[in-house]
Amino acid sequence: MIVVEAAIVVIAGLGIGLAANELSPRGLALSRNYFPGGTNHVPAAPRPVQAVPVPAGTNESPEAVQLSERLRGKGLQELKRSHVEILLRDPRNQDGRLVFVDARNPDDYEEGHIPGAYELDPYHPEKELATVLPICLVAEEVVVYCTGGDCEDSDTAAILLREGGVPGQKLFVYGGGFTEWEAAHLPVETGARNSGINSQ
Amino acid sequence: MWKRRAFEAAAVLARWALGAFFVYMGLKKAMHPEEFLKLARQYEMVHSPFLLNSIAAGLPWFEAFCGTLLLLGIAVRGTALTLVAVLVPFTWLVLRRALALQALRAIPFCAVKFDCGCGAGEVFICGKLAENLILILVSCWLLSGIGRAFCARHALFSGKSSRG
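What counts and how
- Residues numbered from 1 in each chain as written.
- Chains lettered and ligands numbered in written order.
- Predicted model: local features only at pLDDT ≥ 70, side-chain atom pairs only at ≥ 80, totals over all residues.
- Heavy atoms only, no water.
- Salt bridge = Lys/Arg side-chain N within 4 Å of Asp/Glu carboxyl O.
- Helix = DSSP H or I, 4+ residues; strand = E, 2+ residues; numbered from the N terminus.
- Buried < 20%, exposed > 50% of the residue type's maximum accessible area, 1.4 Å probe, protein only.
- Patch = residues over 30% accessible without salt bridge, like charges linked within 9 Å, V, L, I, M, F, W, Y side chains within 5 Å.
- Areas by Shrake-Rupley, 256 points an atom, 1.4 Å probe, with all protein chains shown as cover.
- Lys, Arg positive; Asp, Glu negative; His and termini not counted.
- Charge placed at Lys NZ, Arg CZ, Asp CG, Glu CD.
- Phe/Tyr/Trp six-rings, centres within 6.5 Å; stacked < 30°, edge-to-face > 60°.
- Lys NZ or Arg CZ within 6 Å of the ring centre and 35° of its normal.

Colleague: Before we go on, may I ask you to explain the pattern of salt bridges in this structure?
Modeller: Pairs can form between side chains of opposite charge whenever their charged atoms are close. All names here are of chain A. All chains considered together, the criterion is met by 16 salt bridges over all chains. Salt-bridge contacts for Arg81 lead to Glu85; the nearest nitrogen and oxygen are separated by 3.2 Å. Highlighted residues: Arg81 and Glu85, both in helix 3 (residues 81–89), separated by four residues, approximately one helical turn. Judged by its relative accessible area of 31%, Arg81 is partly exposed. A salt bridge links Asp102 to Arg104, with the nearest nitrogen and oxygen atoms 2.8 Å apart. Side by side, Asp102 and Arg104 carry an identical accessibility label, which is buried. Beyond isolated ion pairs, a larger network of salt bridges with shared partners links Asp90, Arg92, Asp95, Arg97, Glu140 and Glu141.

If you want it as structure tokens, here you go:
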């Protein structure tokens, strides 16, 4: 009898769970692949540090090499912080020829983002994609970032833009992401885009 | 007699605590399903996007549902059995992930800290395993049929309902 009761609990729980997801404004679309551009799973178990090949003549950490490999595997180009810093000061940043896209969640974006960056939450692209895509289509360079490191939201957002017609050669992912940017005490804008409120 | 009553009262408190824990953790995850989706993905349980999305979308609400049943005292033994059936394999997955991270970082096992998708953010693995063990033990205790007071309907099929 307990097993039957448990089965009822499971069936009712799953039904309620999926119904709640449908009704929730934050719910997931079940049929959507949220991790495009590769398999739907991370590489098996994390590889031992020693197993990661570090190219000769570079001082990159194993994590940085893994990140570069990951982006290459998805056909994405990586940008280092030094390059992103130069781009931030690029005059094209003022007239829309250079676009920054923040792929973190809306709360993180509000707390701080690279000045002038557009918000594009890859888990709810319906909110911003219609605005951001046309801007990226006419831009000469598009730099997408998220938290950095293991965060793959920038990859997902970049692939969304690529699937929307933005040529791959002008799409870049800032691998170090916002964590690295903030740690380096680089300019950060808080609130809405172009709010003019800079915290650093 | 008083010993039995104390035991029964402790079981009711344990049921409420377990229920509240699952409601809290479930709702916390349900508020940010995309974060839970990313964390669920790291376990490589399934490779199909549909199944992965279904797990990430349904499991948090499922947890909250089970917690609510325990708080209300509905189908308590069936719910406890369900929780054991969920907790045991999940604990195994967490352990497997922690061992992989330990190998990667070359650190002592108890120093491994990561977000296991449990709803509490980054946690140390030894504390997490101890917590899960307690949850499993409490669930097993409730499975034995104790803690019937303040139950809306302790068993679905017995036709009996007890109120304290």
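From this point, things continue past the structure.
Colleague: Is there a simple way to think about a nonpolar patch on the surface in this case?
Modeller: On the surface, Met1, Val4 and Ile8 of chain A together with Phe157 of chain B cluster together to form a nonpolar patch covering roughly 390 Å² of accessible area. Looking at the element boundaries, Val4 of chain A is found in helix 1 (residues 2–23). Given a relative accessible area of 41%, Val4 of chain A falls into the partly exposed group.

Colleague: In this structure, what is going on with a negative patch on the surface? I would like to understand it.
Modeller: Residues and elements named next belong to chain A. Taken together, the side chains of Asp107, Glu110, Glu111 and Glu182 make up a negatively charged region of the molecular surface. Mapped onto the elements, Glu182 comes out in helix 7 (residues 177–183). For Glu182, a relative accessible area of 38% puts it in the partly exposed group.

Colleague: What exactly am I supposed to notice about the packing of aromatic side chains here?
Modeller: Ring pairs (aromatic) are described by centroid distance and by the angle formed between their planes. Summed over the entire model, instances satisfying the criterion amount to eight aromatic pairs over all chains. On the basis of an interplanar angle of 50° and a centroid distance of 5.5 Å, the ring pair of Trp16 of chain B and Phe150 of chain B is categorised as tilted. In this pair, Trp16 of chain B sits in helix 1 (residues 2–30) while Phe150 of chain B sits in the segment after helix 5 (125–143), placing the two residues 134 residues apart along the sequence. By relative accessible area, which is 30% here, Trp16 of chain B ends up partly exposed. Arranged with centres 5.8 Å apart and planes meeting at 65°, the rings of Tyr43 of chain B and Phe90 of chain B form a pair that is edge-to-face. With Tyr43 of chain B in the loop between helix 2 (33–41) and helix 3 (49–72) and Phe90 of chain B in helix 4 (residues 76–105), the pair connects residues that are 47 residues apart, well separated along the chain. The class for Tyr43 of chain B is buried, based on a relative accessible area of 3%. Grouped by ring-pair contacts, the aromatic residues Tyr34, Phe35 and Tyr123 of chain A constitute a single cluster. Its end group placed over the ring of Phe178 of chain A, Arg104 of chain A keeps NZ or CZ at 4.1 Å from the ring centre. Over the ring of Phe35 of chain A we find Arg41 of chain B; its NZ or CZ atom is 3.9 Å from the centre of that ring.

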